[in-house]
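Fold and geometry: a report
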Amino acid sequence: MQETDIRPSAVAAGEATGAGDRPVRAALPRHWPLLLLGAAVVPGVLLVFVGRSLDEPAMQAWRTVCLAVTVQALPFLLLGTALSGAINAFVPARVFSRLLPKRAALAVPVAGMAGVVLPGCECASVPVANSLIGRGVTPAAAFAFLLSAPAVNPVVLTATAVAFPGDPEIVFARLLASLVTAAVMGWLWLWLGREEWLKPTVVRHTGHVPGRSRFTEFRRGFQHDFLHAGGFLVVGAMAAATFNVAVPRTLLDAFAGSPWLSVLFLAGLAIVLAVCSEADAFVAASLTGFSPVARLAFMVVGPMVDLKLIALQAGTFGRAFAVRFSAATAVVAVVCSAVIGGVLL
């Protein structure tokens, strides 16, 4: 039987066969000159209209707020990611297990306070917590460190002091509310947590690998964290600027006028924006229409619960854990912010 060559690859690629079985490219679209003309003209027209709109007062205000938030936060983001990369490359993971008390109930607050001296971004805290669990640290202490490290480290507290000059109470309130939230969540895991909520832990290496250059690991970790967090910083600055310029004042007053609605609104905004902890204080400071307690909730909830953290937790510990842990953390963080902020602010 004579075989027939169907040539599916040629058919799928839109090619025809001519003399000598040589593939012939498909013909150009019938209106290709118009398409080419549109591709050349439309971007130019859009640039003209966008350039004109930039002269409008609203766009000038938007540009000012966006640039101010980005420029103010960028040095702290740079410093924070550099310290996080240095700890990842130069501090062995066994340091954590040696410093923590053997008793789980005591290890939780100690792990939470370790975030004060061991800075790390939100993205790095998840694999670090996973690595600690794989090395025998109780999950409750690892989760307390996961929540506290991005929220109470010196870079974040310094950035908060710069964003709120002359207002040290809000810096202390952020520190206290974040530590209390981390400790409460650790103790809640000891009380209610179940091992079946955690999928089998795959230890992700976060420290130094023998045989590799520590400076290379530092450079790669710093580059990854800075580029990743920098993108969220820009998005957060743009969102904050849009929020200040585009949202009607009547809508803001409807939320800002109610103590609880304002707290819940900014807590939800922090979850959606997913701004890095080194920069969220500047975004919060730009939300001048809201009370200090509501802005405190924005800064406490954001580093502990946001969309990227929920995705990271789901991929690392499993969806069952991420849903329960994130929901409980959001509730505890909002309550701690409201109570501590109501007393101190």
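The sections below set out a description of the structure shown in this document. All figures in this text were calculated on a predicted structure; none of them were measured in a lab.

Structural notes on the nonpolar core
Residues Phe-143, Phe-298 and Phe-317 are the most contacted members of the largest nonpolar core, which totals 69 residues. Here the element with the most residues in this core is helix α7 (residues 139-152); it accounts for eleven residues.

Here's the deal with the pattern of salt bridges
Within this structure, the stated rule accounts for one salt bridge. Linking Asp-280 and Arg-174 is a salt bridge whose minimum nitrogen-to-oxygen distance equals 2.9 Å. Of the two residues, Asp-280 sits in helix α13 (residues 280-286) while Arg-174 sits in helix α9 (residues 168-192), which places them 106 residues apart along the sequence. Asp-280 gets classed as buried once you look at its relative accessible area, which sits at 2%.

Brief notes about the packing of helix α5 (residues 104-114) against α7
Taken N-terminus to C-terminus, the directions of α5 and α7 make an angle of 25 degrees; their axes are 7 Å apart at the nearest point. Our classification of the angle between α5 and α7 gives roughly parallel. Remark: the crossing between α5 and α7 carries right-handed chirality. Together, Ala-107, Val-108, Ala-111, Gly-112 and Ala-114 of α5 and Ala-140, Ala-141, Ala-144, Phe-145, Ser-148 and Val-152 of α7 make up the contact between the two elements. Residue composition of the contact of α5 with α7, grouped by class: nine nonpolar, two polar and no charged.

Comments concerning the packing of α9 against helix α14 (residues 292-301)
Axis angle and axis distance: for two packed helices, these are the angle between their axes and the distance between the axes, and together they describe the pair. Across the interface, α9 lies against α14 with an axial gap of 10 Å and an inter-helix angle of 50 degrees. Overall, the two elements α9 and α14 adopt an arrangement that is oblique. Every pair of crossing elements has a handedness; the one defined by α9 and α14 is right-handed. Only Pro-292, Leu-296, Met-299 and Val-300 of α14 make contact with α9, whose side of the interface consists of Ile-170, Ala-173, Arg-174, Ala-177, Ser-178 and Thr-181. Among the residues making up the contact of α9 with α14, the classes are represented as seven nonpolar, two polar and one charged.

Parameters at a glance
Residues numbered from 1 in each chain as written. Predicted model: local features only at pLDDT ≥ 70, side-chain atom pairs only at ≥ 80, totals over all residues. Heavy atoms only, no water. Core = buried A, V, L, I, M, F, W, Y, C linked by side-chain atoms within 4.5 Å. Buried < 20%, exposed > 50% of the residue type's maximum accessible area, 1.4 Å probe, protein only. Helix = DSSP H or I, 4+ residues; strand = E, 2+ residues; numbered from the N terminus. Salt bridge = Lys/Arg side-chain N within 4 Å of Asp/Glu carboxyl O. Axes fitted to C-alpha atoms, helices over the stretch in contact; angles between N-to-C directions. Parallel < 35°, antiparallel > 145°, perpendicular 65-115°, else oblique. Left-handed = near helix turned anticlockwise from the far one by under 90°. Contact = heavy atoms within 4.5 Å. Nonpolar A, V, L, I, M, F, W, Y, C, P; charged D, E, K, R; others polar.

Nothing here speaks to function; it is geometry throughout.
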